[in-house]
Amino acid sequence: MSFKDDAPNLSMTPAERARTNVLIVESDSSDRNRMKSAIRQLGFGSVTDSPNHLQAIEKIGERPITHVIFEAKKTNMPAKEFLKKILEADPKLCCIPSSYEPNVDDVFDMLVMGAKGYLVKPFTVDTVESAVINSTKGEPISELVLKAKDRNEALVAIMMSSLDKAATVLRQAYKFDTAKRELPRAMAGFRRSAELAHTFAKGGDEELIAAMERFCIERSKGPATRLGRLRKRLKNKNKPAATAPSGRSAGAAK
């Protein structure tokens, strides 16, 4: 069995595209109209737009929305506050911040909050399509991020989790046809996690590599599998209490 190194990106069927309802939040009328045109050209269901975040919140309350591509800077309310409000109203929304010069810290904070991708301007039809599809089909990252000590550790954890999944699917693909079909998606997921890490690593690639080294060293200290870690915990739990030299329990009264 073999697989292509350039595994395909995620995709959406025409039926899946038709079920999407996209809201574009963009203050620049030219960008707003071009993005609407791209969404229609790509066959994504209905599309509506808003020039600011407050008006967008009203529209979300008026009609079913599946995806929100929103300006990642303040209009008549801060972008992070907007993201928080719409996710509180509907946690299933696929939210995609967009910006010409994305501030790495701000965009990463939005990913932690629940955004499912980002769109860098100037956009093309292809980058809009990629942003919508990846936000729909890609793995969520916020749970892993929230458990990490810092951003680089979070990025490494995401990347290693994707690598583990790809390795597992690859191993299973030698035996099962279902795993063979899943392999391109797993490999594409790993590549996206590596791109995410490269884009958002604090301190650049050197700091990211250092975080990877720490992560791998820490992982090497314990059992390699969940079962192994469980056995280790149970073994420690069932160890008899330490005894004093006289044979009595170390804590027994004399």
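Figured I'd write up the structure that's included with this text. None of the values given here were measured: they were computed from a predicted structure.

Rules and cut-offs
- Residues numbered from 1 in each chain as written.
- Predicted model: local features only at pLDDT ≥ 70, side-chain atom pairs only at ≥ 80, totals over all residues.
- Heavy atoms only, no water.
- Helix = DSSP H or I, 4+ residues; strand = E, 2+ residues; numbered from the N terminus.
- Contact = heavy atoms within 4.5 Å.
- Core = buried A, V, L, I, M, F, W, Y, C linked by side-chain atoms within 4.5 Å.
- Buried < 20%, exposed > 50% of the residue type's maximum accessible area, 1.4 Å probe, protein only.
- Pairing = 2+ DSSP bridges.
- Right-handed = clockwise from strand over helix to strand, strands pointing away.
- Axes fitted to C-alpha atoms, helices over the stretch in contact; angles between N-to-C directions.
- Salt bridge = Lys/Arg side-chain N within 4 Å of Asp/Glu carboxyl O.

Our next topic: the side chain of Ser162. Mapped onto the elements of the fold, Ser162 is located in helix H8 (residues 151-173). Sequence-distant contacts of Ser162, that is, excluding residues within four places in its chain, are made with Gly189, Phe190 and Ser193.

Below, the discussion takes up the nonpolar core. By size, the foremost hydrophobic cluster in this structure holds 32 residues, and its most contacted members are Val68, Phe70, Phe82 and Leu93. Among the secondary structure elements, those contributing two or more residues to this core are strand E1 (21-25), helix H3 (53-62), strand E3 (67-71), helix H4 (79-89), helix H5 (104-113), H8, helix H9 (177-200) and helix H10 (204-220). Residues in contact with Val68, not counting those within four places in the same chain, are Leu23, Val25, Ile60, Phe82, Ile86, Leu93, Cys94, Cys95 and Ile96. Judged by nonpolar contacts, the second largest core, of 18 residues, contains Ile24, Leu42, Val47 and Ile96.

Lys121 connects to Pro122 through a cis peptide bond whose omega is 0°. Of note, Pro122 is situated in the loop between strand E5 (119-120) and helix H6 (125-137).

Most of E1 sits inside the fold, with five of its five residues counted as buried. Side-chain alternation along E1 places Asn21, Leu23 and Val25 on one buried face and Val22 and Ile24 on a second face that is also buried. As paired strands, E1 and strand E2 (residues 46-50) are joined by five bridges and run parallel to one another. Bridge pairing links Leu23 to Thr48 in E2. A crossover connection joins E1 to the parallel E2 through helix H2 (residues 29-41); in handedness this β-α-β unit is right-handed. Of the strand pairs in this sheet, E1 and E3 are connected by four bridges, and their pairing is parallel. Counted as the bridge partner of Val22 is His67 from E3.

Right, let's talk about the sheet that holds E5 for a bit. Strand order in the open sheet formed by five strands is E2-E1-E3-E4-E5, and the pairing between neighbours is parallel. Only two strands of the sheet have a single partner each, and these edge strands are E2 and E5. Where strand E4 (residues 94-99) and E5 come together, two bridges link them in parallel fashion. The residue of E5 that forms the bridge with Ser98 is Leu119. On the sheet, H2 packs against E1, E2, E3 and E5 and is oriented at approximately 170° with respect to E2.

The next point concerns the side chain of Ser98. Relative to the assigned elements, Ser98 resides in strand E4. Assessed through its relative accessible area of 2%, Ser98 is described here as buried. Look past the residues within four positions of Ser98 in its chain and what remains in contact with it is Glu26, Ile69, Phe70, Glu71, Ala72, Leu119 and Lys121.

Going through the model one piece at a time under the given rule, you end up with nine salt bridges. For Arg17, the salt bridge identified is with Glu129, shortest N-O distance 2.7 Å. Here Arg17 is found in helix H1 (residues 14-18), whereas its partner Glu129 is found in helix H6, with 112 residues between them in sequence. A salt bridge links Lys121 to Glu26, with the shortest nitrogen-to-oxygen separation between them at 2.4 Å. With a gap of 95 residues between them, Lys121 in the loop between E5 and H6 and Glu26 in the loop between E1 and H2 connect regions that are remote in the sequence. Exposure remark for Lys121: the relative accessible area of 5% places this residue in the buried category.

This part takes up the environment of Asn152. The residue Asn152 is located in helix H8 in this model. The class of Asn152 is buried, set by a relative accessible area of 7%. Measuring from C-alpha to C-alpha, the distance between Asn152 and Ala201 comes to 5.6 Å, with 49 residues separating the pair along the chain. Excluding anything up to four places from it in sequence, Asn152 contacts Ala201, Lys202, Glu207, Leu208 and Ala211.

The side chains of a regular strand alternate between both faces of the sheet. E3 sits mainly inside the fold: five of its five residues count as buried. Of the two faces of E3, the one lined by His67, Ile69 and Glu71 and the one lined by Val68 and Phe70 are each fully buried. Bridge count between E3 and E4: five bridges; the pairing is parallel. Looking at E4, one finds that His67 is bridged to Cys94. Once you follow E3 into H4 and on to E4, the crossover reads as right-handed.

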